[in-house]
Amino acid sequence: MSDQHAHQGFETRAIHAGQEADPLTGAVVPPIYQVSTYKQDGVGGLRGGYEYSRSANPTRTALEQNLAALEGGRRGLAFASGLAAEDCLLRALLVPGDHVVIPNDAYGGTFRLFAKVAERWGVRWSVADTSDAAAVRAALTPETKIIWVETPSNPLLGITDIAAVADAARGAGARLVVDNTFASPYLQQPLALGADIVVHSTTKYVGGHSDVVGGALVVGDDALGDELAFHQNAMGAVAGPFDAWLTLRGIKTLAVRMDRHSANAARVAELLTAHPKVNRVYYPGLPGHPGHETAAKQMRSFGGMVSFRVAGGEQAAVEVCDQARLFTLGESLGGVESLIEHPGRMTHASVAGSALEVPADLVRLSVGIEAVDDLLADLAQALG
Ligand SMILES: Cc1ncc(COP(=O)(O)O)c(C=O)c1O
């Protein structure tokens, strides 16, 4: 983050960092530089430092600087998807024989990347309950290079104490990676808690409007930033200019959206907790959640994701999903509109039969920013 923004509040950084008025026209929003290459003034004479848009593009630069500022980091890198960001990170930091600790409750696609892709290249992994720092320590081997954490986790909303696991990582000479997708940088800033790298699916809360797929890495160390930027260019899965622009547009309202997501989700969790057809509610804002105190310590509020288990098993859970009207049945999360899904058959089908398998009676909600009474009424009718 540049010194200019270091002392500004989050909302100010969201709107201004990396987004100074266009020097050519004064446009207050960075233009979409829909361009692949740049005229050079003589061989090697670059006008603005740009030579080819895989290496760098001004709209993407604006987003990357903004993401770095939001996470309190030194360098942000924007990718074509969250998984592209994760893949770049793995290939930049791991060689055959290295070992990674992954959470026992992670996004199915992250698990698939380790189990079905990285493993073929000789990267080894094991699963730990990252909400327990002692379990993470027990999973470490001399070859462990990365501890991967998702907090809150997808789909069970598990909470990991980032500072405690950062301690374990430092002690083992490993790097701590935190997938901050569920919290967004407004609710939680892992670098300040000792993480080395933050991962985002910017498809979710950061973009916030279900209209763009993207990913990001943010680091607090210049040398590591250079290493990742080298791989970003070498591998090439960058965010396009229009996608970068859409993501920046979403970021401007991130703070106000997250406040409303959290407030609405708290009300939804309350309704579900009291409902006779709900066996268990997973929401870190509930005092009974095992990670509640840690979440209260490291998050500004508890976010917009709520999962719950339906009495009556898998079929009953599927029926709730089918009955919802205002909650749209669909994958993904973090947009302004509310979504409902059945993780076992949808987002987490890829972890079936693994240590990460999710309960069959689980329903996941991405609580949007609609009028909360309408959301509560829809859930009440869907539960019957
Ligand atoms: C927590 C988390 N991390 C990473 C990803 C992958 O991001 P993308 O779908 O943008 O590739 C997702 C996608 O759902 C996710 O939920």
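Residues numbered from 1 in each chain as written. Predicted model: local features only at pLDDT ≥ 70, side-chain atom pairs only at ≥ 80, totals over all residues. Heavy atoms only, no water.

An unreviewed UniProt entry lists the protein under the name Cystathionine gamma-synthase, with Streptomyces pathocidini given as the organism. Entered under Cofactor (unreviewed entry) in the UniProt record, the comment concerning the protein runs "pyridoxal 5'-phosphate". Word for word, the UniProt comment on the protein under Sequence similarities (unreviewed entry) is "Belongs to the trans-sulfuration enzymes family." (UniProt positions renumbered as here; feature names shortened; annotations may be inferred.)

1. Let's talk about the domain arrangement of the protein
Here the domain parsing of the protein yields domain 1 (10-251) and domain 2 (256-383). The interface is formed by 38 residues belonging to domain 1 together with 41 residues belonging to domain 2. Here domain 1 meets domain 2 over a buried area of about 3,100 Å², counting both sides, of which 61% is carbon and sulfur. For domain 1, the biggest contributors to the area lost against domain 2 are Tyr186, Leu187 and Tyr205; these three give 24% of the whole. The tally of links between domain 1 and domain 2 comes to one salt bridge. Counting every contact that joins domain 1 to domain 2 gives 17 residue pairs in polar contact (both at pLDDT 80 or more). (Domains from an automatic or database assignment. Contact = heavy atoms within 4.5 Å. Buried area = accessible area lost by both parts, 1.4 Å probe. Salt bridge = Lys/Arg side-chain N within 4 Å of Asp/Glu carboxyl O. Polar contact = N/O pair within 3.5 Å; in protein donor to acceptor, adjacent residues only side chain to side chain.)

2. Observations regarding the layout of surface pockets
The space that makes up the largest pocket amounts to roughly 470 Å³. Lining of the largest pocket is provided by 20 residues; of these, Asp22, Pro23, Tyr33, Tyr50 and Pro58 occupy positions nearest its centre. (1 Å grid on protein atoms, 1.4 Å probe; cavity = no way out; pocket = protein on both sides within 12 Å on 5 of 7 lines; lining within 4 Å. Points joined across faces, edges and corners; volume = space filled by probe spheres on them.)

3. Notes on the pairing of strand β6 (residues 197-201)
Of all five residues that make up β6, five are buried, and the element is covered over most of its length. What you see with β6 is no split at all: Ile197, Val199 and Ser201 on one side and Val198 and His200 on the other are buried throughout. Here strand β5 (residues 175-179) runs beside β6; their pairing, made up of three bridges, is parallel. Looking across to β6, one finds that Val178 is bridged to Val198. Both β6 and strand β7 (residues 215-219) contribute to a ladder of five bridges, which runs antiparallel. (Buried < 20%, exposed > 50% of the residue type's maximum accessible area, 1.4 Å probe, protein only. Helix = DSSP H or I, 4+ residues; strand = E, 2+ residues; numbered from the N terminus. Pairing = 2+ DSSP bridges.)

4. Notes on empty space enclosed by the protein
Evaluated as defined, the whole model comprises one cavity of 30 Å³ or more. Every residue lining the largest cavity is listed: Leu63, Ala78, Phe79, Thr202, Val212, Val213, Gly214, Gly215, Ala239, Asp243, Ala244 and Thr247. Breaking the lining of the largest cavity down by element, the ones donating at least two residues are β1 (75-79) and α10 (241-251). Per element, the largest residue contribution to the lining of the largest cavity is three residues, and it comes from α10. Its residues assigned to classes, the lining of the largest cavity comprises seven nonpolar, four polar and one charged. (Nonpolar A, V, L, I, M, F, W, Y, C, P; charged D, E, K, R; others polar.)

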